[in-house]
Amino acid sequence: MTSFSHILSEMPLVLFTILSQAVIGLSFIYAPAFINGYKNHTHLKSFGLVLGVAMLVAFIPSLFHLNDITHIFNVLNRMGVFYANNAWHIGWMNNEILFVSLVCALGFLLYLKTKNWVFYLALVCGVLGIFFMSGAYGAMQESVPTWDFKITLLYFFASAVFLGAIVYYCFFENSEHERKMSFFAGLIGIGLLSTAIVLQTLHVGQTWIMGLVNPFDLLGGTYVWFISLSFVFLGLGISTWYLHNYLHDKFENKFFAYFALFCSFLGVFTTRMLFYGLISTQIMLGHF
């Protein structure tokens, strides 16, 4: 199996991680708006429904990653920590699914029972969800040396903040303060995301992989194209977002904002394809 065919096989996880991080990131951006009084409990109730439904939609692509739908119940196995091979291990993937599912459940609970503690608990579960999501890949860095837990953690949280900020800007802002707040969060997000991409590239360049002289050959020498394309989309996204934010009063609609959202998702999608394309285990690469 080539790296490109592996990207296609992992497409459900590509979409799941992007969408779930965007939903969790949205809750991160919504929090300061609510705490500062720009959103009241009526807004919070509606947001709870959006949070639950959006996370439910984010889960749909991941179901196509299962050969058998009943495998979804395997999440109950090895949750938290487990003991195997004379050592304790963290159930990274199981915990990831647990906490992301809790974000979904707490979203619906927030709609039914609009209490502050429900929202704050959803935020905590979102943080833990991305943490364990990062660990699910970072923990495999011995078998997939192109992955690194610290870089993946930065990359996933940066993606969440950046995408959450642009989603908030497009669909939830109702004041100048909220526009500035979400755009500022977006700048932080894209700054951290760009840093993660650079660190990932440096890490890959220093990685030794048996059978390869150049680790970038994992993608048939197209690594530079993936990186360039991702920065083009991300740059186009933040530029058009800035244009709409700066000239907000002159626009009658949010065309540029929606275009920025589209480009931002394409940028993150390109980097995520690159992330999965760098899987380097010999079995996955088809070396026997």
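Conventions we followed
Residues numbered from 1 in each chain as written. Predicted model: local features only at pLDDT ≥ 70, side-chain atom pairs only at ≥ 80, totals over all residues. Heavy atoms only, no water. Helix = DSSP H or I, 4+ residues; strand = E, 2+ residues; numbered from the N terminus. Expected span 1.5 Å × (residues − 1). Buried < 20%, exposed > 50% of the residue type's maximum accessible area, 1.4 Å probe, protein only. Polar contact = N/O pair within 3.5 Å; in protein donor to acceptor, adjacent residues only side chain to side chain. Patch = residues over 30% accessible without salt bridge, like charges linked within 9 Å, V, L, I, M, F, W, Y side chains within 5 Å. Areas by Shrake-Rupley, 256 points an atom, 1.4 Å probe, with all protein chains shown as cover. Salt bridge = Lys/Arg side-chain N within 4 Å of Asp/Glu carboxyl O. Phe/Tyr/Trp six-rings, centres within 6.5 Å; stacked < 30°, edge-to-face > 60°. Lys NZ or Arg CZ within 6 Å of the ring centre and 35° of its normal. pLDDT = per-residue confidence, 0-100. Contact = heavy atoms within 4.5 Å.

> What exactly am I supposed to notice about helix 6 (residues 149–171) here?
One full turn of an α-helix is made of 3.6 residues, so residues set three or four places apart face in the same direction. For helix 6, with 23 residues, the first-to-last C-alpha span of 33 Å sits near the 33 Å given by 1.5 Å per residue. Most of helix 6 sits inside the fold, with 17 of its 23 residues counted as buried. In this structure D148 caps helix 6, since a side-chain oxygen of it lies 3.1 Å from the backbone nitrogen of K150.

> Explain a nonpolar patch on the surface to me, please; I cannot follow it from the model alone.
Residues L49, V53, V57, I60, L63, F64, Y111 and L112 make up a contiguous nonpolar surface patch of roughly 750 Å² in combined accessible area. Among the secondary structure elements, those contributing two or more residues to the nonpolar patch are helix 3 (41–63) and helix 4 (92–112). Along the chain, the position of L63 falls in helix 3. What makes L63 partly exposed here is its relative accessible area of 35%.

> Would you take a moment to explain the packing of aromatic side chains for this structure?
To describe a pair of aromatic rings, one takes the distance between the centres and the angle between the planes. Evaluation of the coordinates by the stated rule reveals 31 aromatic pairs. Ring geometry for Y155 versus F156: centroids 5.5 Å apart, planes at 45°, classification tilted. Judged by relative accessible area, F156 falls into the buried class, the value being 0%. Centroid distance F162 to W241: 6.4 Å. Interplanar angle 50°. Geometry classified as tilted. Separated by 79 residues along the polypeptide, F162 in helix 6 and W241 in helix 8 (residues 223–246) bring together distant segments of the chain. Of the two residues examined, F162 and W241, each falls in the buried class. Here the guanidinium or amino end of K45 rests over the ring plane of Y111, the centre of that ring lying 4.4 Å away. Geometry around Y169 places K254 over its ring, the cationic atom sitting 5.6 Å from the centre.

> It is not clear to me how the environment of N94 should be interpreted in this structure. Could you clarify?
Position of N94 relative to the elements: it lies in helix 4. Using a relative accessible area of 17% as the deciding quantity, one classes N94 as buried. The spatial distance from the C-alpha of N94 to the C-alpha of F132 is 8.5 Å, given a sequence separation of 38 residues.

> It is not clear to me how the confidence of the model for the chain should be interpreted in this structure. Could you clarify?
Interpretation of the predicted coordinates at a detailed level should be avoided for regions scoring low in pLDDT. When pLDDT is averaged along the chain, the result is 85, and 83% of the positions lie at 70 or above. Ranking the elements of the chain by mean pLDDT puts helix 10 (residues 282–285) last, at 38, and helix 6 first, at 97. Confidence over residues 281–288 falls short of pLDDT 50; this stretch has 14 contacts with residues more than four positions distant or in other chains.

> What's the story with the side chain of T270 in this structure? I'm lost.
With respect to the helices and strands, the residue T270 is situated in helix 9 (residues 255–277). Residues within four places of T270 in sequence aside, it is in contact with F226, L229, S230 and F233.

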